[in-house]
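Breakdown of the fold
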Amino acid sequence: MPEEPLTLDAALSDEAVLSTYRRMFAALARDSGAVVDDPVLVDIAETLFAAFAEAGEEWLTHEQMRLACGAYPAEQFDNRLRVLKGLGAIREVFPKPNQLRYRASFTSVVGLMFIRRMMDDGGQSEMHRLLALEDLNVADPRTTMDEARQSAVNLARAFRLWALELITLTTGTIEELREQAPKLWGTEEIAHRAQSLHATILTRWPELDRVCTDLRAAIYAYSDASRRAAGRLADSAGTTRNLTLLPTETWRTFAQTAPKERLAAVLDGFVFDAPAPWHDPAAIARAVDEAPRPAPAQPTPPRSTLPDPGPDDSLGGPLEAGLERLRELAESLLGEESRVALADVLGPDWATARRVLADLTTADLRPELPYRLVWSGGLTIDPSREPSWLSHGHLERTA
């Protein structure tokens, strides 16, 4: 078969494929050269797996495998077959001497299907599947609390890394954000599924409230980052003239119904130069990928044009009023006693109790007020009340 000339678009497509493979198998690679550097090698593996599926229980011999991959050079086929045999993706049907027929590994076929889905939408579909399975697992009566904790920890880690990647895309170049646009699809549904899973874990195991707090914070961080990235992508659509940001039907209708003046205006502002000397597309893609990215300039915060009169001299009044309010609160809780337990004066309403506790802490930190908080090392735990744990402390009048 005659080789077609390699274009820049084809080279960029191949580089995107290899980049996905490298990121996915980086944790398993022995060194940086352990992943294939030619997309044709992956095509050979897929061709072999398709041939094994059609062969059925007859399996394949070495000659039949070579015939199925006849469109590829013999050198590449032999190299790929040697690697697939060494890693167990293709094995003998029966482990005995002089075995002539081979079978394919189901695990390897599923792995390639998974990689293709990852390349199509950046992992969105896999995240939907993972959340659906985790939701079923935590709802299963046989699931233990340790399994639920591990599930929440793993999901929180995944959402935090996802949010950090989206934040990087938001502050980077618009071309990189446009390339990673599939990662912004279905973010609301993913966040909703994750919040449902969080609610299930917290309902079944209230003891995992701290782990669920981390998961909830990671989900909110992911939602905020995805909204910011989507907003920047939408704002830049008009300036970048990116035709992929609108549905295909919209541009087809525009091309069929718009007058020639509006069609010509699409290319208004573009300058077409003479073709540059030939460069290897792979070298260009590699140079663009390795080029340093300048950090975005931080704008100076706006400053007021009004004159600054300096510090106000009337701060003594509000301060005295605040101290008097703290004194009245402490006296109302102490009454005729010089020492009361905080457990006796804090009510069951936690929203009110934490405000009272904040005021008492402020009074304890003011040296001009004769009130102190004394804490002991004990801790009372009661799941039926709010808060469910309470430290042993006392409010004392020192004068």
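This text goes with the structure placed above it.
Residues numbered from 1 in each chain as written. Predicted model: local features only at pLDDT ≥ 70, side-chain atom pairs only at ≥ 80, totals over all residues. Heavy atoms only, no water.

On to the sheet that holds strand 4 (residues 339-341), then. Sheet architecture is open: three strands sit in the order 4-6-5, paired in antiparallel fashion. This sheet does not close on itself; its edge strands, each paired only once, are strand 4 and strand 5 (371-381). Between one strand axis and the next, the sheet turns by 15° as a mean value, whatever way the strands run. Inspection of the sheet shows strand 5 paired to strand 6 (residues 389-397) by eight bridges, in the antiparallel sense. Opposite Arg 372, over in strand 6, you have Glu 396 as the bridge partner. Running at roughly 135° to strand 5, helix 17 (residues 350-365) makes contact with strand 5 and strand 6 of the sheet. (Pairing = 2+ DSSP bridges. Helix = DSSP H or I, 4+ residues; strand = E, 2+ residues; numbered from the N terminus. Axes fitted to C-alpha atoms, helices over the stretch in contact; angles between N-to-C directions. Contact = heavy atoms within 4.5 Å.)

Let's shift gears to the sheet that holds strand 3 (residues 101-104). As summarised here, the arrangement of the three strands in space is 1-3-2, forming an open sheet in which the pairing is antiparallel. Looking at the sheet topology across the chains shown, the edges are occupied by strand 1 (60-61) and strand 2 (90-92).

Look at helix 9 (residues 187-204) against helix 10 (residues 209-235): their axes get within 10 Å of each other, and the N-to-C directions meet at 170°. Relative to helix 10, the element helix 9 lies roughly antiparallel. Packed against helix 9, whose contacting residues are Thr 187, Glu 188, Ile 190, Ala 191, Ala 194, Gln 195, His 198, Ile 201 and Leu 202, the element helix 10 presents Asp 209, Cys 212, Leu 215, Arg 216, Ile 219, Tyr 220, Tyr 222, Ser 223, Ser 226 and Arg 227 at the interface. Grouping the constituent residues of the contact of helix 9 with helix 10 by class yields ten nonpolar, five polar and four charged. (Parallel < 35°, antiparallel > 145°, perpendicular 65-115°, else oblique. Nonpolar A, V, L, I, M, F, W, Y, C, P; charged D, E, K, R; others polar.)

Purely geometric stuff here, so don't read any function into it on its own.
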